[in-house]
Amino acid sequence: MDSLRLPRQMASQSKSKEDHNEKCEEKSKEVMASPSHSTAGLIEGESGDIDPWDLPELKDNGVPWSALDTKGKVLRVLVSVAKLIGLLGLLYMFICSLDILSSAFQLVGGKTAGEIFQDNSVLSNPLAGLVIGVLVTLLVQSSSTSSSIIVSMVSAGLLKVPVAVPIIMGTNIGTSVTNTLVAMTQAGDRSTFRRAFAGATVHDFFNWLSVLVLLPLEVASGYLYKVTKLIIDSFQIESGEAPDLLNVITDPLTESIIKLDDSVIRGIATGDAEAKNKSLILRWCQTYTNATLTNVTVPGPENCTSPSLCWVDGNNTITLKNVSQTYNVLKCNHLFVNVNLSDLAVGLILLTLSLLVLCSCLVFIVKLLNSMLKGQVASVIKKILNTDFPFPFGWVTGYIAILVGAGMTFIVQSSSVFTSAITPLVGIGVISIERAYPLSLGSNIGTTTTAILAAMASPGETLADALQIALVHFLFNISGIILWYPIPFTRLPIRMAKSLGNVTASYRWFAAVYIILCFFVLPLLVFSLSLAGWQVLVGVGVPLVVMLIVIVVINVLQKRKPGCLPAALRSWDFLPLWAHSLDPWDKVVGVITAKCCCCCKCCHIPSDDQEHEVQESVENGKRMHMTTYDNPAMSAEKEVEDEIKIELNILKKTRL
């Protein structure tokens, strides 16, 4: 019996030892195989990472509908209806504030825009014309206004249609800055800002890429001019009227605040000397003009209207001329009609107030949408907006989105309003960037259809030229869609916008740098070089463009085929850190921000929190370094720890 018990005891002891060893091995694996610090984790963990571009789940943390009693259900319905009414009211105020913002920009820079258009010698340069279109649209914050100025100049014979084509392309770029500025208001949350900024800049990249391809093509072949000329000559087009759709609802509020005289900017652009001394603020909404034959003294007989209506009285030559006299009938009733302030002062007041209302409305719209779009409601809306048709009709979905974008923009009569309205929806995750892209393309088409209808309201003698310019704008956007949408591989704006979104999510200050560089510095640089002449433009521009192309090609090869490059070019490590990384610049921005804020007491609390976070990261780094000291992949951990300590010292020195 003892001999039988002994093997059993030995077997049980060996089994318990094996179990103990297995548990120890599991624990050691848990410690050593940290996904963020082991080399295996760095390789295998990438597949399990969460994609930041996946739409978030908007979960409803409230009481389920089935758990509510009758009173609770009625109360929830009333609250939902009140939220919907509030959302519509905020959206109405948002659209009206955009309209007032456009008026404010016209008051501040409208006359300057008209004077810029007046220099025909500069406009004859295609690049200068493109930049002027961008800058003028930025000044007046309305592609419709800048397009109408161009149409007026073409109708008056001051501009030829081929010269006006690059300017129209520039207005297409300038109008996309509004929704980019709207995305800046969502910088509070990193993931929301990533999606919102990418959803806004996908419109920018489409416009810039389209111009980069179609402007050289137009200069070389006159493609847009010739095709639109053929269309105009082929059809008998009659004058019509541009419809007022959303303006019927928004005009009562906006016109009670400010009403502008659009003819002043057009008059300055067409060379009317009297228009320069007129105010853009409309004082009299109804006037009466009477033309009468009056005796007028002229310098000599050659200035008479006709020999039969000319006589000499002593030293004076007199003739009969039709003299128009305008009588004021009905005064306007907006807020600034009796205010004795300059256009600039009124514009700055309206600019401040409209930006305040715009940002406030946007913040409340996002909060209301976050509270309403939860649970089943959110899932239904997201499925409707982002789900493709079943195979083999999935490709149709994007084109239907383009039509929806065009139709909605036609209703609101402004691409800026439509794209600015969908930007917060992209930010909170209701609309994906892949769906926002065709919607933005549709908005480009929708704003051109409005311009076509407005051109059809022109007089018969100027109808052809006005309509041709509007068709150039339409055909430019259609050509851009053909270039950058039908084939998934060519949808570069989506990939570029996502890359920029990732950068701005990590370095939020870079969003402001992007806006300043792309919409102000770059256009002004090109404009300055254009004024200096073709020789200077080519001498400076061509080397910069070639260098940019080389950098892009090397970046692509580094990611996809590094073996094709020499060993030195397989990374940018041979350059200084500031030349290929934003980290040093981020530290500089952090130091500057800390120095600017150190005088405010409210900045001490954030700095303490930031210092506490840095200290925690140092301690965590030390602990992980102790547990993974034998891993050769951790040789750079000490350098990271030293950099964190340097940042901590900088923060301490910049505090009071």
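Residues numbered from 1 in each chain as written. Predicted model: local features only at pLDDT ≥ 70, side-chain atom pairs only at ≥ 80, totals over all residues. Heavy atoms only, no water.

Colleague: Explanation requested: the overall build of the chain in the structure shown.
Modeller: Scanning the chain for helices and strands turns up 25 helices and three strands. A total of 656 residues make up the chain; the buried ones form 39% of that total. Partitioning the contacts of the chain with sequence separation of at least 6, the portion at a separation of at least 24 is 76%. Accessible area of the chain: about 36,600 Å², with a carbon and sulfur share of 64%. (Helix = DSSP H or I, 4+ residues; strand = E, 2+ residues; numbered from the N terminus. Buried < 20%, exposed > 50% of the residue type's maximum accessible area, 1.4 Å probe, protein only. Contact = heavy atoms within 4.5 Å. Areas by Shrake-Rupley, 256 points an atom, 1.4 Å probe, with all protein chains shown as cover.)

Colleague: Is there a simple way to explain the side chain of Thr250 in this structure?
Modeller: Tracing the backbone through its elements, the reader meets Thr250 in helix H11 (residues 247–257). What makes Thr250 buried here is its relative accessible area of 4%. Setting aside residues no more than four positions away along its own chain, Thr250 makes contact with Tyr92, Ile95 and Cys96.

Colleague: How do you make sense of empty space enclosed by the protein when you look at a structure like this?
Modeller: Where empty space is left in the structure can be found by rolling a water-sized probe over the atoms. All chains considered together, the criterion is met by one cavity of 30 Å³ or more. Within this model, the largest cavity holds a volume of roughly 50 Å³. Considering only residue class, the lining of the largest cavity consists of five nonpolar, one polar and one charged. (1 Å grid on protein atoms, 1.4 Å probe; cavity = no way out; pocket = protein on both sides within 12 Å on 5 of 7 lines; lining within 4 Å. Points joined across faces, edges and corners; volume = space filled by probe spheres on them. Nonpolar A, V, L, I, M, F, W, Y, C, P; charged D, E, K, R; others polar.)

Colleague: Would you explain the environment of Asn328 in this entry?
Modeller: On the secondary structure map, Asn328 appears in strand E3 (residues 316–331). The spatial distance from the C-alpha of Asn328 to the C-alpha of Trp284 is 6.4 Å, given a sequence separation of 44 residues. Once residues lying within four places of it in the same chain are set aside, the contact partners of Asn328 are Trp284, Gln286 and Thr287.

Colleague: Just checking my understanding: could you explain the state of the cysteines for this structure?
Modeller: Two cysteines whose sulfur atoms are joined by a covalent bond form what is called a disulfide. Tallied over the entire structure, the rule returns one disulfide. Through a disulfide, Cys285 is tied to Cys332; the S-S separation comes to 1.9 Å. When the S-S torsion is 120°, as for the bridge of Cys285 with Cys332, the disulfide is right-handed. Taken as a pair, Cys285 in strand E1 (residues 284–298) and Cys332 in the loop between E3 and helix H13 (343–372) lie far apart in primary sequence, 47 residues in all. (Disulfide = S-S within 2.5 Å.)

Colleague: I keep staring at the environment of Leu471 and nothing clicks. Help me out?
Modeller: Counting through the fold element by element, Leu471 comes out in helix H18 (residues 463–484). In this structure, the C-alpha to C-alpha distance between Leu471 and Ala455, residues 16 residues apart in sequence, is 9.5 Å. Sequence-distant contacts of Leu471, defined by excluding residues within four places in its chain, comprise Thr228, Ile231, Ile232 and Ile452.

Colleague: Please explain the sheet that holds strand E2 (residues 310–313) as it appears in this structure.
Modeller: The strands making up a sheet associate through backbone hydrogen bonding, with each pair oriented either parallel or antiparallel. With antiparallel pairing, three strands are arranged side by side in an open sheet as E1-E3-E2. Of all strands in the sheet, those bounded by a partner on one side alone are E1 and E2. Looking at each pair of strands side by side, their axes are set apart by 40° on average, direction ignored. When E1 meets E3, the two strands line up antiparallel, connected through 14 bridges. Bridge pairing links Tyr288 to Tyr327 in E3. (Pairing = 2+ DSSP bridges. Axes fitted to C-alpha atoms, helices over the stretch in contact; angles between N-to-C directions.)

Colleague: Would you explain the pairing of E3 in this entry?
Modeller: Every other side chain in a regular strand lies on the same face of the sheet, so the side chains alternate between the two faces. Pairing geometry for E2 and E3, over four bridges, is antiparallel. Residue pairing across strands places Asp313 opposite Asn316, the latter belonging to E3. Counted between consecutive antiparallel strands, the loop separating E2 from E3 contains two residues, among which Gly314 sits at a positive phi close to 70°.

Colleague: How do you make sense of the pattern of salt bridges when you look at a structure like this?
Modeller: As a working rule, side chains carrying opposite charge can pair if their charged atoms are close by. The final tally for this structure, using the stated rule, is two salt bridges. With its nearest N and O atoms 2.6 Å apart, the salt bridge here joins Lys498 to Glu434. Taken together, the residues span a long stretch of sequence, with Lys498 in helix H19 (residues 492–506) and Glu434 in helix H17 (residues 433–455) at a distance of 64 residues. (Salt bridge = Lys/Arg side-chain N within 4 Å of Asp/Glu carboxyl O.)

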